[in-house]
Amino acid sequence: MPHCDNCGAYTYLPFSCSYCGGNYCGKCRLPPNHRCINLDRWEGKPRPPYPTRRWDNSERHHRTKRRHYPETNHKESETQHEEREETHEKRNTRKKVHIRIQNLLNLKNLTILSIILISIGLFSQQYLTTQYAEIFKDVIVVGVLGLIIAYFIYALKCWGANSQISAVLMITIPLLAYFFSTTKIPVSTNIAVYILIQFCYYAIISVIFLFVCNKIKVGFDRYISKSKSHTHWYFLPNTTYSLLGIVLISFLLVNYGSISLFSDNTATITHSLQHINTPSHTTPNANVPLPTTTVQNPQIIPTLQPEIVKNIENSANSVMPSPPTIDQQTLERRVHELINQQRKGQGLSLLSFDQTLAGIARKHSEDMAKNNYFSHDNLRGLGPTERGNQVGYSCYKNYGSYYTTGIAENIFQNNLYTSTTYYNGIPVHAWSSLEEIAQSTVNGWMTSPGHRRNILTSTYDREGIGVAISADDKVYITEDFC
């Protein structure tokens, strides 16, 4: 589609210059906005944009009022003519570059660039050395922020295109997913009512936020950029893109929160829905007589006396294994020994046990056990390096051609028991020993590529391990490297 040679707008072009041949929109009608190299030759008044029409009631047709403009013979030197042509070409070149830049800055290109940055960061962290791990982590953060910005702009365009419901859902659902990844659902409450209240709360916040941002955008276009176009009126939201965006942004926000907590909340919701959909057993009405049946050769069903049942329960309790007593410092030392066994098998130097690193790791494990979350970043958004800086611990290593800084970390969530069996409604747990917990933790780390890379990094020379046990028998283990 042709664009205006003055402002670059892609629209209908009703005006053209008879000297330079340029095409112009209604906002850039000439003069005075138009400047061409032969404007000095034009002494008369410019031709009006539309011919002046006069209606003849008798003949029922319009007549065009023609105007004659005097011809002028104004001469200019060839040097001035060339200078004017060069100036005109430079202006056209700058305008074309500006138009190309505007065409590149769109939602599609921003989304593609963000996905490329995230892919580069993930690939580099997975397969390259840890020398530039912090840089690649920042690349991932920049890509995620760009993706979130593109997603929000798309939702804002949906709001401006009179698709307010789609825009509100695009903001509300990811916020609700992030809420479930950071907050535990109370078990004693009505799950359906609780979810409905939270959904309405975030929907109201989304409506207010989108309304304010749309007003700011309209005011910016009207009073600052002086733009009177309403291209968002012709914007049609794509349902497929909207659904993909909701899923992707929700996944990123859940990953930023706590995946384990989100899984627990999802299981709680699923269990509640199954309980609601389970048909209830109806009790017969006492006023309606029950049908009587005659049974030949009735069998006598033996019943146990309450004293016998109580004795059975007491014997079951005596047979049930009691929960083991896990010494946390002993478990920390055992995990440290197993880690050094893995490094020794690969021909690497053994790690020393750093008490300061162990204190940083132990404090993080206790925080996760207390607040029921599982993440490298605590609830204040502090990672292992920032938590180390709080206590004055800095891990800096200079290797001559390069240097490394920061604390690497592995975390693991284990349990004091592996399974639960119910005997007459009484739960019996299969408790794990200290050795089994340590072995399963190290084996879990070694089967994960990222955790295995931290354990087998040759530049690390010390580590600290912290263990904490929660009230629901979960074992949180944190391992910090330097």
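Residues numbered from 1 in each chain as written. Predicted model: local features only at pLDDT ≥ 70, side-chain atom pairs only at ≥ 80, totals over all residues. Heavy atoms only, no water.

1. Comments concerning unusual backbone geometry
We apply this condition: Runs of H or I in DSSP of at least four residues are treated as helices and runs of E of at least two as strands, each being numbered from the N terminus. For the exposure calls, accessible area comes from a 1.4 Å probe over protein chains only, and a residue counts as buried if that area is under 20% of its type's maximum, exposed if over 50%, partly exposed in between.
For Asn372, which is not glycine, the phi torsion reads 55° and is therefore positive. Structurally, the position occupied by Asn372 is in the loop between helix H10 (355–371) and helix H11 (384–390). A positive phi angle is found at Asp473, which is not glycine, with a value near 70°. A relative accessible area of 22% places Asp473 in the partly exposed class.

2. Thoughts on the pattern of salt bridges
Defined as follows: Salt bridges, as used here, are contacts in which a Lys or Arg side-chain nitrogen is within 4 Å of a carboxyl oxygen on Asp or Glu.
If you walk through the whole model with that rule in mind, you get eight salt bridges. Residues Arg362 and Glu332 are paired through a salt bridge, measuring 2.9 Å at the closest nitrogen-oxygen approach. With Arg362 in helix H10 and Glu332 in helix H9 (residues 328–345), this residue pair connects regions lying 30 residues apart in the sequence. Using a relative accessible area of 2% as the deciding quantity, one classes Glu332 as buried.

3. Considering the side chain of Ser181
Selection criterion: In protein, a polar contact requires one atom able to donate a hydrogen and another able to accept it; more generally it is a pair of N or O atoms within 3.5 Å, and residues adjacent in sequence count only if both atoms are side-chain atoms.
Along the chain, the position of Ser181 falls in the loop between helix H4 (164–180) and helix H5 (191–224). In this structure the side chain of Ser181 is engaged in a polar contact, spanning 2.7 Å, whose partner is the backbone oxygen of Tyr178.

4. So, a nonpolar patch on the surface
Cut-off, in case you're wondering: Two joining distances apply to patches: 9 Å for like charges and 5 Å for nonpolar side chains (Val, Leu, Ile, Met, Phe, Trp, Tyr), and every residue must have over 30% relative accessible area and no salt bridge. The Shrake-Rupley method, run with a 1.4 Å probe sphere, supplies the accessible areas, and residue values consider only the shown protein chains as cover.
Nonpolar side chains collect at one region of the surface, where Ile204, Ile208, Phe211, Val212 and Ile216 lie side by side and expose about 490 Å² of accessible area between them. In this fold, Ile216 is placed in helix H5.

5. Brief notes about the packing of H9 against helix H12 (residues 434–446)
We apply this condition: Interaxial angle, 0 to 180 degrees, is taken between N-to-C directions of lines fitted to C-alpha atoms, where a helix line uses only the stretch in contact. By definition in this entry, angles of less than 35 degrees are roughly parallel, angles greater than 145 are roughly antiparallel, angles of 65 to 115 are roughly perpendicular, and the rest are oblique. For any helix crossing, the convention is left-handed if the near helix is rotated counterclockwise from the far helix by under a right angle, and right-handed if that rotation is clockwise. Any two residues whose heavy atoms approach within 4.5 Å are treated as being in contact. Basically, the charged four are Asp, Glu, Lys and Arg, the nonpolar ten are Ala, Val, Leu, Ile, Met, Phe, Trp, Tyr, Cys and Pro, and anything else, Gly included, counts as polar.
Taken N-terminus to C-terminus, the directions of H9 and H12 make an angle of 45°; their axes are 9 Å apart at the nearest point. By the criterion of interaxial angle, the relationship of H9 to H12 is oblique. Considering the relative orientation of H9 and H12, their crossing is right-handed. In this structure, H9 uses Thr330, Leu331, Arg334, Val335, Leu338, Ile339 and Gln342 to contact H12, whose residues at the interface are Leu434, Glu435, Ile437, Ala438, Gln439, Val442, Trp445 and Met446. Taken together, the residues of the contact of H9 with H12 sort by class into ten nonpolar, three polar and two charged.

6. Considering the state of the cysteines
In protein structure, a disulfide is the covalent linkage between the sulfur atoms of two cysteines. Short version of the rule: Cysteine sulfur atoms that pair up within 2.5 Å are treated as a disulfide.
What the rule picks out here adds up to one disulfide. Bridging Cys395 to Cys482, the disulfide has an S-S length of 2.0 Å. As the torsion about the S-S bond is roughly 105°, the Cys395-Cys482 disulfide counts as right-handed. Placement of Cys395 in the loop between H11 and strand E6 (396–398) and of Cys482 in the segment after strand E12 (474–481) is noted, with a sequence separation of 87 residues between them. Judged by relative accessible area, which is 6%, Cys395 ranks as buried. Looking at Cys482, the relative accessible area reads 0%, which means it is buried.

7. Things to note about the side chain of Ser365
Within the secondary structure layout, Ser365 lies in helix H10. Judged by relative accessible area, Ser365 falls into the buried class, the value being 0%. When sequence neighbours within four positions are dropped, the list of residues in contact with Ser365 reads Gly466, Val467, Ala468, Tyr476, Ile477 and Thr478.

8. Some points on the sheet that holds strand E8 (residues 408–415)
This is how it is decided: Here, any two strands with at least 2 DSSP bridges between them count as paired.
As summarised here, the arrangement of the four strands in space is E5-E11-E12-E8, forming an open sheet in which the pairing is mixed. Strands at the two margins of the open sheet, each flanked by one partner only, are strand E5 (352–353) and E8. Set on the sheet, H9 makes contact with E5, strand E11 (462–469) and E12; between it and E11 the angle comes to about 140°. Here H10 sits on the sheet in contact with E5, E8, E11 and E12, set at roughly 30° to E11.

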